Amino acid sequence: MKSKFNKIICLISTLFVIAICLGQSTMAQKSPIMDGKDRLEQFNKHQALLASSEFKDLHWQFLGPKNTSGRTTDVAVVYPKGKNYTMYVATASGGVWKTVNEGISWEPIFENEVTTSIGDIELDPKNQDVVWVGTGEANIFRSSHAGCGIYKSTDAGKTWKNMGLENTNTIARIVINPKNTDIIYVAAGGNEWTTNPDRGVYKTTNGGKSWEKVLYVDELTAANDLVMDPKDPNTLYATTWQRIRQKWNDPRTEPDYTNSGIWKTTNGGKSWKKINQGLPEAQYRGRIGIDIARSNPKVLYAFVDNYEIARYYGDEADTDSYGRPKGGVIKGATIYRSNDKGKTWKQTSGHTEKMKTFMERHSATYGWVFAQMRVDPNDENTIYTMGLGLNVSNDGGKTFRGLRGMHGDHHGLWIDPDNSDYLVNCNDGGVVISYDGGKAWKNSNDNLPAVQFFNLWYDMDTPFRVYGSIQDHGSRRGVVDISRGRDNIPATDWEGAPGGEGTSHAIDPRDPNVVYSAGFYGSISRTNLATGERKRILPVEFESDPPLRGQWVAPFILSPHNPDILYHGMQYIFRSLDRGDTWEKISKDLTYNDPEKMGDIPYQTLSAISESPIKYGLIYAGTDDGRLHVTKDGGDNWTEITSGLIPKRWISGAVASKYKLGTVYVTQNGKRNDDFAAYVWKSEDYGKSWKDISANIPAGTVNVIREDPNRPNILYVGTDNGVFVTKDGGETWTVLGDLPSTYVHDLIIHPRDNVIVIATHGRGMWALDGDLVNGGRGRFRFR
């Protein structure tokens with residue numbers, strides 16, 4: 001009888017274990033979120049969480065930088081000038097901003113939507129209080145974010161309504177029929193990372209209530225640019241761009257690509273024909289920008305990112321500005337002109353050695369980011385091209401000169417039709433205005449804080465500083481001054497810091513002058529700010545070893561047990577016991593190391609490293625291709641613990657718990673799969689099994705996770721819509737504070753001052769009093 005009873009108990013226990021395992025397996029099969037309507041629904045849940053959050057009244061304080069702006073993609077100016085000084089500026093990841101005083105002050109007016117990545121903005125020519133915004137930056141840069149359709153405001157930006165096209169993800173151009181403004185055309189690019197059918201030119205005849213796709217090539221071909229004949233609104237010209245961004249390659253032409261080109265319709269989009277006579281062969285055509293001469297609509301210009309080889313490097317440097325290997329020099333930026341409404345094209349640029357070199361260097365090695373041009377509305381021979389610089393030609397593209405006095409990397413330009421000397425330019429530094437045709441520029445950026453941080457870290461100085469790297473602005477640092485009150489932290493001008501625009505930082509907790517900076521693709525240096533001494537400390541491999549691969553922002557940490565010990569992630573983990581003077585490799589290649597997935601961009605690299613604060617040598621390492629490993633002995637032995645996670649999703653964060661040995665938290669980011677689900681995991685057995693703790697976090701890819709330094713079970717995650725906090729170890733989450741919708745790329749809680757700081761990709765850095773969240777300094781808020 002006893003034996004039978006024991007067997008029953010054993011069977012019940014076995015079934016219980018199986019049920020747990022099946023439950024964990026089921027939890028791990030979380031579905032991706034890829035449909036735009038689902039994203040909108042999830043964002044409504046986000047808004048509801050914010051409205052009901054016990055932390056909804058907590059105020060995030062802007063830290064700066066006050067003296068830096070960020071990438072802007074388009075500008076719409078209320079017309080005519082002189083009677084109005086209102087402008088709307090689209091930013092790459094900071095929403096839409098409005099000025100009513102020509103840039104003296106700016107107000108964010110599109111900051112509470114599912115996305116704040118903006119591709120284009122257009123005003124209704126009959127009623128300029130009607131504003132159309134196409135979401136999703138069309139430049140598909142490394143740090144671009146997906147849009148979610150087209151929005152309309154009928155009250156000059158006070159309120160917005162989504163008008164559809166939710167799955168287009170990138171919108172490059174909006175064109176409105178000036179005779180009937182219910183007729184609108186949209187050039188949609190589609191997904192950045194994956195194929196989808198929501199690409200091409202769309203048309204509405206009822207003000208956006210419904211849309212018809214009027215030009216479509218295939219799931220790989222974007223509509224990139226669109227212009228309308230000013231004398232005939234049924235005649236339009238569109239450019240298509242066959243492209244996709246791979247995790248290991250920038251967008252590029254391929255030998256079998258045939259769909260990048262120019263199209264024309266004369267019947268409002270009912271039918272289209274290709275008009276490519278005189279352009280390079282299809283396989284060499286990359287991104288194409290187009291514009292029409294308003295003063296003579298027979299004249300059009302095309303700016304082609306031309307992949308024909310111009311010459312080979314020979315004895316010149318064999319790496320580009322990021323240290324990556326280069327092939328031959330392509331022709332790059334090439335200007336073509338048509339005098340017969342697009343029937344034929346003739347190259348006008350690059351006919352002298354001087355101009356050939358100028359155009360080859362026009363867009364560096366990333367012409368796919370630019371390829372925008374404008375024709376002076378009053379002079380068919382004056383054209384502007386946008387690349388690393390803003391350039392002008394007064395002879396139809398035969399010769400160019402660069403316009404100086406502003407930031408680089410140019411994406412938008414507005415020319416006053418009544419005064420061609422009045423220019424408004426959009427670039428990676430913000431917005432600038434010229435009154436004299438580009439001879440001099442007025443900077444309007446100090447109060448347009450569209451700063452795109454990649455990351456942040458802190459020092460232990462008093463007051464403490466935070467460090468971060470900024471898209472196209474290098475690395476900066478700023479003071480977090482709580483001396484006037486924890487609810488009165490001022491925004492400040494920031495100063496330069498060691499490192500570049502893609503840099504992770506670590507600061508010696510014993511000496512705030514010792515700063516480590518891991519630059520783009522894994523280069524690393526140690527700087528002493530007091531003495532000015534700087535030393536490159538990148539690990540050196542034998543020539544016979546495979547080249548090192550490092551992520552754009554390579555992970556790099558100081559050991560919590562000894563700040564002289566460094567860990568640096570490439571495809572391997574390196575450890576230094578002497579502040580980087582010497583290194584040892586402590587892991588094998590922890591990635592999939594698939595040779596088919598190696599290209600222009602280092603991929604299959606480390607993306608997250610965490611060492612347990614409890615036990616030295618317990619290290620977790622995650623990769624950008626979705627692998628996760630753990631070592632318990634300082635790297636002598638590694639165990640893969642990927643099973644149970646979502647396959648092939650970027651490991652965006654790993655945190656070894658400071659409260660319980662064996663507990664680790666991990667986040668995954670599906671952005672590079674066009675997947676917007678929230679992936680947050682917890683293991684209590686060193687990664688042998690995983691529990692999904694994303695719970696009620698709505699859609700919005702997760703970029704970072706942190707454990708609270710004062711209270712167990714409090715966790716924070718930064719997502720593409722804001723900050724979430726849990727007090728119960730991930731059973732339930734709520735929105736933290738009154739932050740606008742923004743891409744939170746990194747987050748820290750200062751261990752001494754208990755201030756929470758976030759780095760956003762589009763709105764700068766912000767701070768929040770941690771006492772009001774975790775009660776670390778006495779004001780306990782738990783209910």
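It should be emphasised that the depicted structure is a prediction, and the values quoted were computed from it without experimental measurement. (Residues numbered from 1 in each chain as written. Predicted model: local features only at pLDDT ≥ 70, side-chain atom pairs only at ≥ 80, totals over all residues. Heavy atoms only, no water.)

J.: Would you mind showing me how to read the overall build of the chain here?
T.: Along its length, the chain carries four helices and 56 strands. For the chain, the C-alpha radius of gyration of 27 Å lies close to 28 Å, the compact-globule estimate for 783 residues. Taking the principal axes of its C-alpha atoms as reference, the chain extends roughly 95 × 60 × 60 Å. Looking at the chain as a whole, 62% of its 783 residues are labelled buried. (Helix = DSSP H or I, 4+ residues; strand = E, 2+ residues; numbered from the N terminus. Rg over C-alpha atoms; globule rule 2.2 N^0.38 Å. Buried < 20%, exposed > 50% of the residue type's maximum accessible area, 1.4 Å probe, protein only.)

J.: How do you make sense of unusual backbone geometry when you look at a structure like this?
T.: A negative phi holds for most residues other than glycine; trans holds for most peptide bonds. Following G64, the chain continues to P65 via a peptide bond in cis, the omega torsion being 5°. Here P65 lies in the loop between strand 1 (61-64) and strand 2 (72-77). Geometrically, the link from T462 to P463 is a cis peptide bond, its omega value of -5° lying close to zero. Structurally, the position occupied by P463 is in the loop between strand 30 (457-458) and strand 31 (464-470). Its identity is not glycine, yet D409 carries a phi of approximately 65°, on the positive side. Tracing the chain through its elements places D409 in the loop between strand 25 (401-403) and strand 26 (410-416). Residue classification places D409 among the buried positions, given a relative accessible area of 7%. The backbone of Y686 shows a phi angle near 65°, a positive value even though the residue is not glycine.

J.: Sorry if this is basic, but what is going on with the pattern of salt bridges here?
T.: Charged atoms that come close allow side chains of opposite charge to pair. Tallied over the entire structure, the rule returns 35 salt bridges. In this structure, K691 and E731 form a salt bridge, with 2.7 Å as the shortest nitrogen-oxygen distance. One end of the pair, K691, is in strand 49 (residues 691-692); the other, E731, is in the loop between strand 52 (722-726) and strand 53 (734-735), with 40 residues separating them in the sequence. (Salt bridge = Lys/Arg side-chain N within 4 Å of Asp/Glu carboxyl O.)

J.: Mind showing me how you'd approach the layout of surface pockets here?
T.: Over the atoms, a rolling probe the size of a water molecule traces out where space has been left empty. For the second largest pocket, the calculated volume is near 1200 Å³. When residues of the lining of the second largest pocket are traced back to their parent elements, those giving at least two are strand 2, strand 6 (118-123), strand 10 (171-176), strand 14 (221-229), strand 18 (285-292), strand 22 (372-375) and strand 26. Sort the elements by how many residues they give to the lining of the second largest pocket and strand 14 lands first, with five residues. (1 Å grid on protein atoms, 1.4 Å probe; cavity = no way out; pocket = protein on both sides within 12 Å on 5 of 7 lines; lining within 4 Å. Points joined across faces, edges and corners; volume = space filled by probe spheres on them.)

J.: Sorry, what's going on with empty space enclosed by the protein here?
T.: Under the counting rule described, the total for this entry stands at seven cavities of 30 Å³ or more. By volume, the largest cavity is sized at about 140 Å³. Considering the residues around the largest cavity, the lining is formed by 14 residues, among which R39, V114, F676, G700 and D720 are closest to the centre. Per-class residue counts for the lining of the largest cavity are six nonpolar, five polar and three charged. (Nonpolar A, V, L, I, M, F, W, Y, C, P; charged D, E, K, R; others polar.)

J.: Any chance you could explain the sheet that holds strand 43 (residues 619-623) here in plain terms?
T.: With respect to topology, four strands assemble into an open sheet ordered 42-43-44-45, the strand pairing being antiparallel. Because the sheet does not close on itself, it has two edges, and the strands there are strand 42 (606-611) and strand 45 (639-640). Where strand 44 (residues 628-631) meets strand 45, two bridges bridge the pair, whose relative direction is antiparallel. Paired with H629 across the bridge in strand 45 is E640. (Pairing = 2+ DSSP bridges.)

J.: Before we go on, may I ask you to explain the sheet that holds strand 13 (residues 212-215) in this structure?
T.: Strands in a sheet are paired, the pairing made by backbone hydrogen bonds, and the direction either parallel or antiparallel. Reading across the sheet, the four strands line up as 10-11-12-13 and stay open at both edges, with antiparallel pairing between neighbours. Here the strands that pair on one side only, and so sit at the sheet edges, are strand 10 and strand 13. Across the sheet, the axes of successive neighbouring strands diverge by a mean angle of 25°, strand direction being ignored. Of the pairings in the sheet, the one linking strand 11 (residues 184-188) to strand 12 (residues 200-204) comprises five bridges and is antiparallel in character. Pairing of I184 across the sheet is with T204, part of strand 12. (Axes fitted to C-alpha atoms, helices over the stretch in contact; angles between N-to-C directions.)

J.: What should I look at first to understand a positive patch on the surface in this one?
T.: Taken together, K231, K273, K298, K341 and K343 make up a surface patch of like positive charges. Mapped onto the secondary structure, K273 falls in strand 17 (residues 273-274). (Patch = residues over 30% accessible without salt bridge, like charges linked within 9 Å, V, L, I, M, F, W, Y side chains within 5 Å. Areas by Shrake-Rupley, 256 points an atom, 1.4 Å probe, with all protein chains shown as cover. Lys, Arg positive; Asp, Glu negative; His and termini not counted. Charge placed at Lys NZ, Arg CZ, Asp CG, Glu CD.)

J.: Please clarify how the packing of aromatic side chains should be interpreted in this entry.
T.: Pairs of aromatic rings are described using the distance from one ring centre to the other and the angle between the two planes. Throughout the structure, instances matching the rule amount to 17 aromatic pairs. Ring geometry for Y366 and F370: centres 5.8 Å apart, planes at 40°, overall tilted. Ring geometry for W414 and Y422: centres 6.1 Å apart, planes at 80°, overall edge-to-face. For Y422, a relative accessible area of 4% corresponds to the buried category. For the cation-ring pair, K213 lies above Y216, with the distance from its terminal atom to the ring centre recorded as 4.1 Å. Over the face of the ring belonging to W650 we find R672, whose NZ or CZ atom lies 3.7 Å from the ring centre. (Phe/Tyr/Trp six-rings, centres within 6.5 Å; stacked < 30°, edge-to-face > 60°. Lys NZ or Arg CZ within 6 Å of the ring centre and 35° of its normal.)

J.: Would you explain the side chain of K98 in this entry?
T.: Mapped onto the fold, K98 is located in strand 4 (residues 96-99). Despite its burial, K98 remains without a salt bridge, the nearest opposite charge being carried by E107 at 6.0 Å. At 3.1 Å, the side chain of K98 and the backbone oxygen of A156 are in polar contact. With near-sequence residues (within four places) excluded, K98 lies in contact with T86, M87, Y88, S105, W106, E107, I109 and A156. (Polar contact = N/O pair within 3.5 Å; in protein donor to acceptor, adjacent residues only side chain to side chain. Contact = heavy atoms within 4.5 Å.)

J.: Help me out: how do you make sense of the environment of A293 in this one?
T.: Position of A293 relative to the elements: it lies in the loop between strand 18 and strand 19 (300-311). Residues A293 and P230 lie 63 residues apart in sequence; the distance between their C-alpha atoms is 8.8 Å. The residues contacting A293, other than those within four sequence positions of it, are V299, V375 and E380.

J.: Sorry if this is basic, but what is going on with the environment of I118 here?
T.: Inspection of the secondary structure assignment puts I118 in strand 6. If we skip the residues at most four places from it in the chain, I118 touches T73, A90, T91, A92, G95, V96, F110, V133, G134, T135, G136 and E137.

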